[in-house]
Amino acid sequence: MITQVVLIVTAVKFMFIPLYHSTDFEVHRNWLAITNNVSVEEWYYESTSEWTLDYPPLFAWLEYGLSIVAKYFDPKMIKIENLNYKSDMAVLFQRLSVIFLDFVYIFSVKSCSNLVSNGKLLVFILLVSNPGLLMVDHIHFQYNGFLYGFLLFSISNMIRCNHLQAAFWFAMLLNFKHIFLYIAPVYVVYLLRAYCFTLSSIDGVHTAWYSFSITNFIKLAFVVVSVFTLSFGPFLDHLNQILVRLFPFKRGLCHAYWAPNFWALYNLGDKLLVFLLTKYGINIPKSEASMTGGLVQEYDHSVLPSITPSFTFIMTCLSMMPALYKMWCLCADRRYRPICFIRCIVVCATCSFMLGWHVHEKAILMIIIPLSFLSVLGDVDGRLFILLSTVGHYSLFPLLYPKDLLSIKIFLLLTHVAIVFGNVPALYTVETKATKKRRRRFMRLPMIGPFESIYIYGLILLCVYENMLHVAWGLDKTLPFLPLMMTSTYCALGVFYFWIKYYHYFLTFNVSKVPTFGQGTSSYNIRKSK
Amino acid sequence: MTKRADPDRFTVTKDALLPGIFFALLVRWCVAAYPYSGYRKPPMYGDFEAQRHWQEITVHTPVTTWYHNTTQNDLEYWGMDYPPLSAYHSLLMGLVADWLDPESVRLFASRGYEDDSHKTFMRWTVFLSDLYFYATAVLCICIDAERVRAKETKWVFKRTDLSTILFLLYPGLILIDHGHFQYNCVSLGLFLWATFFIIAIENDVLATIFFVFALNYKQMELYHALPFFIYLLRKCFIGIPPRSKFSHIVHKFNKLAVAVISCFIIIWYPFTKSWDNISQLVHRLFPIKRGVFEDKVSNIWCFVNVFVKLKDVYTNEEMARMCLVATAAAALPSCIDLFLRINKKKFVLCLINVSLAFFIFSFQVHEKTILLVAIPVALHLPEDPFMCFWFLLISTFSMLPLFLKDGLLIPFICTNVIYICFYSICVKLAHPNSDFLSFFSANRIDKIVRPNQHENSVLMTLLSTNFFFSFICMIWLIVAAVFIPPPVSYPDLPALLISVFSFCHFVLFFIYFNYQQFSMPMCLPVPQKAKTK
């Protein structure tokens with residue numbers, strides 16, 4: 001069945017080739033040109049185009065490799081001066097490169113799904129047909145697929161207790177895209193506890209400090225350091241320049257389209273306060289704050305205190321601390337280690353998504369993808385996955401703003417949601433006489449409560465308003481950014497709710513309830529679900 | 001006639017129904033993102049412009065002049081040549097277009113109007129028509145296919161979800177309607193509803209009405225008219241009470257006749273002001289002077305044309321007469337068989353045979369007309385998956401030159417791959433140990449349909465080999481048509497090769513399906529009642 005599913009998904013990806021692509025297409029074309037034409041030392045200095053190279057060195061090497069192949073498709077594509085160049089062959093080459101690199105992702109999904117006994121096929125389909133990746137990589141254009149592939153490789157190795165390989169894959173991943181630094185603390189803590197301390201204790205309260213193994217620590221350090229040397233070695237003299245490029249703190253708190261996180265709510269609160277205060281005649285010092293304007297720039301809040309990068313950084317770290325501590329404790333028991341690890345990745349990714357500085361909406365995939373894997377392993381994970389996969393993928397809609405893509409993104413999401421709603425609850429409902437007799441309440445979605453159901457139905461209203469009513473009422477002239485703001489704040493509510501719920505769940509469960517790999521919660525025949 | 005088994009209690013397999021339907025709709029939209037026929041090709045553009053032009057005409061000119069050449073209606077530029085219901089549909093969409101964007105249907109000024117938002121609007125009209133007429137009919141038919149069967153005959157292709165997905169994903173219709181741009185889904189959907197009323201509900205009057213609607217949407221539905229006529233006529237002679245024989249038959253017949261005539265009158269009413277109007281309309285619908293075929297069609301005349309240039313030998317009228325005789329001769333056997341040994345499965349087979357006979361032998365055939373054969377075949381697929389699947393692949397393939405002209409190569413390949421994958425998933429679900437390419441084995445698929453069969457037959461192995469070679473040939477022909485530039489003296493060579501290749505298949509399929517129909521006994525074994533808890 002896996003061959004068929006992969007072929008179907010790949011066929012759909014192929015059909016996306018001529019669709020709209022964002023400026024990221026030009027970004028990656030420019031990087032192809034830079035890496036192909038300029039000597040290695042110059043890579044991070046070249047600035048003919050405004051889209052300078054701002055990914056870590058391994059990604060640059062990848063672009064270099066691609067550029068060698070690109071020559072045979074269209075040699076004009078790899079000229080630095082050819083800004084905004086897109087011939088049919090260039091588009092074809094770039095799209096094909098994403099599709100082929102995606103096979104890394106598919107292999108990693110395969111290796112992960114093999115670890116699951118119950119719902120193996122389901123988790124494979126859920127991950128491979130992830131609409132977020134399809135939208136971001138294959139329509140919007142980016143190379144996230146194979147990066148998440150690395151993450152999943154790392155996770156699957158971690159589950160198999162190949163800690164060194166897991167560390168290797170994650171170090172590679174960091175050197176491809178540094179946004180994964182957000183979940184690095186989880187790796188650090190987990191590898192320390194699970195690999196460097198050789199003894200485990202059942203109760204999880206006492207750590208066997210004396211069992212610290214220097215050899216293991218050195219092995220681990222060797223793997224990580226060698227990967228970093230390999231990557232940054234050629235650029236040792238220019239390290240400063242690279243860091244400037246990699247961490248541009250000149251950008252604003254939120255992206256042009258607010259990612260559905262805490263700061264979106266914060267901005268909304270600010271806007272509302274401004275509105276209320278002006279209504280009651282209190283004057284506020286006006287700052288030119290066009291937060292929803294298209295440009296990425298710094299701005300100040302009008303009423304609420306402005307946020308600085310270091311503040312968000314501290315907030316993110318603080319919010320991660322309890323989860324990391326809890327994981328340290330849970331890791332004491334060998335049986336439950338891996339699943340706690342994945343859950344902690346989800347929690348920490350959510351923390352950084354909610355509170356981070358200049359978060360992109362695409363970063364939600366960092367939560368959804370590990371959570372998809374978890375969704376077949378525990379009922380609470382499954383329940384929250386149902387909620388978050390709907391909201392999170394919906395929040396990606398504004399990325400693809402052209403009107404003619406509306407139907408494609410809706411049906412992409414609907415297909416995925418139908419698979420999720422149809423099959424994830426079936427994993428956890430045990431058919432008994434009582435459940436058979438009890439009729440499902442009207443319009444109640446499976447597994448989730450009434451308010452959550454209403455919230456999800458609200459997305460439909462939101463979608464209708466955004467695409468029909470807003471224009472029909474003629475508001476698109478006066479309030480052009482209202483739909484965007486509504487989407488991001490509405491989704492932010494959902495993600496916030498998910499964060500609280502999941503964090504609470506992670507902090508409060510006790511070990512005996514944790515399901516492990518290879519044990520199903522109920523008998524479930526693998527169903528065809530697509 | 002078989003009786004339905006316990007119609008009130010039935011369960012429907014819904015595992016993959018919703019995702020499958022959404023996915024099928026997603027595929028439609030993916031195809032719709034590609035250019036339509038005649039995209040940016042002045043002065044005549046293509047079918048898209050034709051549809052848009054009809055909206056323009058129907059919105060801005062009075063009903064009586066729609067089919068006439070007037071100062072406002074230039075019939076040389078995509079004049080109306082579909083029956084009135086099609087025109088009303090255009091009018092309805094034209095009114096909406098006029099409300100949304102008046103420029104897109106302005107008289108004369110809008111010719112060649114190509115705007116992205118208008119393209120999206122037009123795609124939505126096709127999509128909604130598809131959803132409203134075609135997808136619903138498919139769903140109903142597939143639900144029915146699962147519910148009336150006894151448990152032993154409930155093999156995997158009868159599962160509602162899988163059969164619906166397979167039906168909806170048939171690439172030919174998706175590519176023509178959502179890629180090339182036409183509204184075949186409406187007439188075919190109405191036709192499917194008519195068929196549904198015959199094979200599931202057994203409500204002959206409703207079936208008649210829906211079929212008349214289909215016929216009035218596209219005159220091409222005449223391909224299906226014979227089986228409907230014969231079937232309904234024969235049904236008038238069934239269940240005759242011992243007394244008052246004659247009045248019973250007349251009563252039944254009259255009911256149908258009244259339905260047909262009143263439908264026609266209602267639909268044609270605006271044109272009945274003068275006799276001239278009607279004759280003009282009929283002339284527009286059946287244009288003799290357009291020649292026996294256009295482009296390269298995989299039918300016999302195109303095949304013969306390779307050796308004898310038909311246009312030089314015969315006039316159009318002579319040609320039309322020849323076509324009529326040939327078509328009648330080819331369609332008659334299966335019609336007579338249906339009349340004498342009527343049953344519902346035969347009805348579907350008869351639909352296939354007659355429409356295939358029409359496709360191969362009749363006059364003024366387009367390559368798109370194969371859809372009229374393909375839909376009954378898709379209907380028959382659960383009964384005979386192997387041959388029907390093969391036929392459906394060939395039927396899509398026979399339209400390849402058209403798709404290449406429209407720039408639909410990628411969707412053509414992708415939709416076919418998706419279709420094959422879903423078919424392969426079905427096979428896999430029936431036999432868990434089969435792999436991706438198992439669908440080439442006729443034996444294996446035969447075992448799905450007839451679980452009691454255990455030995456592999458030689459004939460089936462032979463068929464599998466044939467299918468395999470035909471599949472390989474298709475792939476090579478696609479590669480050749482795309483990558484090898486045709487010789488300068490024969491620019492049509494790839495198209496011709498494809499049409500001859502498909503024609504050979506169609507003839508064999510014609511023989512096969514006729515054989516199937518004749519070998520089917522009149523009385524089907526009565527299905528045992530499914531046990532209900």
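Quantities reported herein were computed from a predicted structural model and do not represent experimental measurements.

1. Brief notes about the confidence of the model for chain A
Here's step 1: For chain A, per-residue confidence averages 85 on the pLDDT scale, and 88% of positions sit at 70 or higher.
Here's step 2: Within the model, the stretch residues 288–298 of chain A combines pLDDT values under 50 with 25 contacts to residues more than four positions away or in other chains.

2. Considerations on the packing of helix 14 (residues 337–355) of chain A against helix 15 (residues 365–374) of chain A
Residue and element names in this part refer to chain A.
Here's step 1: Closest axis-to-axis distance for the helix 14/helix 15 pair is 9 Å, and the angle between their directions is 155°. With respect to each other, helix 14 and helix 15 are oriented roughly antiparallel. As for the relative orientation of helix 14 and helix 15, their crossing is left-handed in sense. Residues Ile339, Ile342, Arg343, Ile345, Val346, Ala349, Thr350 and Phe353 of helix 14 form the contact with helix 15, whose participating residues are Met366, Ile367, Pro370, Leu371, Phe373 and Leu374.
Here's step 2: For the contact of helix 14 with helix 15, the class distribution of residues is twelve nonpolar, one polar and one charged.

3. Quick word on the packing of aromatic side chains
Here's step 1: What the rule picks out here adds up to 99 aromatic pairs over all chains.
Here's step 2: The interplanar angle of 80° and the centroid separation of 5.9 Å between the aromatic rings of B:Phe389 and B:Phe439 together place this pair among those described as edge-to-face. Separated by 50 residues along the polypeptide, B:Phe389 in helix 17 (residues 385–398) and B:Phe439 in the loop between helix 19 (409–430) and helix 20 (442–449) bring together distant segments of the chain.
Here's step 3: Taking the relative accessible area as the measure of exposure, B:Phe389 reaches 0% and is therefore buried.
Here's step 4: Against the face of A:Trp328 rests A:Arg193, its NZ or CZ located 5.8 Å from the ring centre.

4. Re the packing of helix 1 (residues 2–15) of chain A against helix 4 (residues 88–113) of chain A
All names here are of chain A.
Here's step 1: The geometry of helix 1 relative to helix 4 is characterised by a closest axis approach of 11 Å and an angle of 155° between their N-to-C directions. Considering their axes alone, helix 1 and helix 4 lie roughly antiparallel with respect to each other. Note that helix 1 runs across helix 4; the crossing there is right-handed. Residues Ile2, Val6, Thr10, Lys13 and Phe14 of helix 1 pack against Leu96, Ile99, Asp102, Phe103, Ile106 and Lys110 of helix 4.
Here's step 2: Within the contact of helix 1 with helix 4, the residues separate by chemical class into seven nonpolar, one polar and three charged.

5. Section: the pattern of salt bridges
Residue and element names in this part refer to chain B.
Here's step 1: Scanning the model with the defined rule gives 19 salt bridges over all chains in all.
Here's step 2: Between Glu103 and Arg106 there is a salt bridge, with its nearest N and O atoms 2.7 Å apart.
Here's step 3: Taken together, the shared-partner salt bridges connect Glu49, Arg52 and Glu56 into one network.

6. Some words on unusual backbone geometry
Trans is the prevailing form of peptide bonds, just as negative phi is the prevailing case for residues other than glycine.
Here's step 1: The omega torsion of the bond from B:Pro42 to B:Pro43 falls at 5°, within 30 degrees of zero and hence cis.
Here's step 2: Looking at the element boundaries, B:Pro43 is found in the loop between helix 1 (17–32) and helix 2 (47–60).
Here's step 3: At A:Cys161, a residue that is not glycine, the phi angle is positive and equals roughly 70°.
Here's step 4: Structurally, the position occupied by A:Cys161 is in the loop between helix 7 (145–159) and helix 8 (163–176).
Here's step 5: With phi around 65°, B:Phe108 is a residue other than glycine that occupies positive phi space.
Here's step 6: Tracing the chain through its elements places B:Phe108 in the loop between helix 3 (84–100) and helix 4 (116–147).

7. A word on a nonpolar patch on the surface
Here's step 1: Residues A:Leu273, A:Phe275, A:Leu276, A:Tyr280, A:Ile282 and A:Val303 make up a contiguous nonpolar surface patch of roughly 590 Å² in combined accessible area.
Here's step 2: Summarising the element assignment, A:Phe275 is placed in helix 12 (residues 262–279).

8. So, helix 8 (residues 204–217) of chain B
All names here are of chain B.
Here's step 1: Between its terminal C-alpha atoms helix 8 stretches 20 Å, which fits the 20 Å expected from 14 residues at 1.5 Å a residue.
Here's step 2: Check the buried side of helix 8 and you find it contacts helix 3, helix 7 (184–201), helix 9 (222–236) and helix 10 (245–268).
Here's step 3: Residue Asn203 occupies the N-cap position of helix 8, its side-chain oxygen lying 3.4 Å from the main-chain nitrogen of Val205.

Reading the values: the criteria
- Residues numbered from 1 in each chain as written.
- Chains lettered and ligands numbered in written order.
- Predicted model: local features only at pLDDT ≥ 70, side-chain atom pairs only at ≥ 80, totals over all residues.
- Heavy atoms only, no water.
- pLDDT = per-residue confidence, 0-100.
- Contact = heavy atoms within 4.5 Å.
- Axes fitted to C-alpha atoms, helices over the stretch in contact; angles between N-to-C directions.
- Helix = DSSP H or I, 4+ residues; strand = E, 2+ residues; numbered from the N terminus.
- Parallel < 35°, antiparallel > 145°, perpendicular 65-115°, else oblique.
- Left-handed = near helix turned anticlockwise from the far one by under 90°.
- Nonpolar A, V, L, I, M, F, W, Y, C, P; charged D, E, K, R; others polar.
- Phe/Tyr/Trp six-rings, centres within 6.5 Å; stacked < 30°, edge-to-face > 60°.
- Buried < 20%, exposed > 50% of the residue type's maximum accessible area, 1.4 Å probe, protein only.
- Lys NZ or Arg CZ within 6 Å of the ring centre and 35° of its normal.
- Salt bridge = Lys/Arg side-chain N within 4 Å of Asp/Glu carboxyl O.
- Patch = residues over 30% accessible without salt bridge, like charges linked within 9 Å, V, L, I, M, F, W, Y side chains within 5 Å.
- Areas by Shrake-Rupley, 256 points an atom, 1.4 Å probe, with all protein chains shown as cover.
- Expected span 1.5 Å × (residues − 1).
- Polar contact = N/O pair within 3.5 Å; in protein donor to acceptor, adjacent residues only side chain to side chain.

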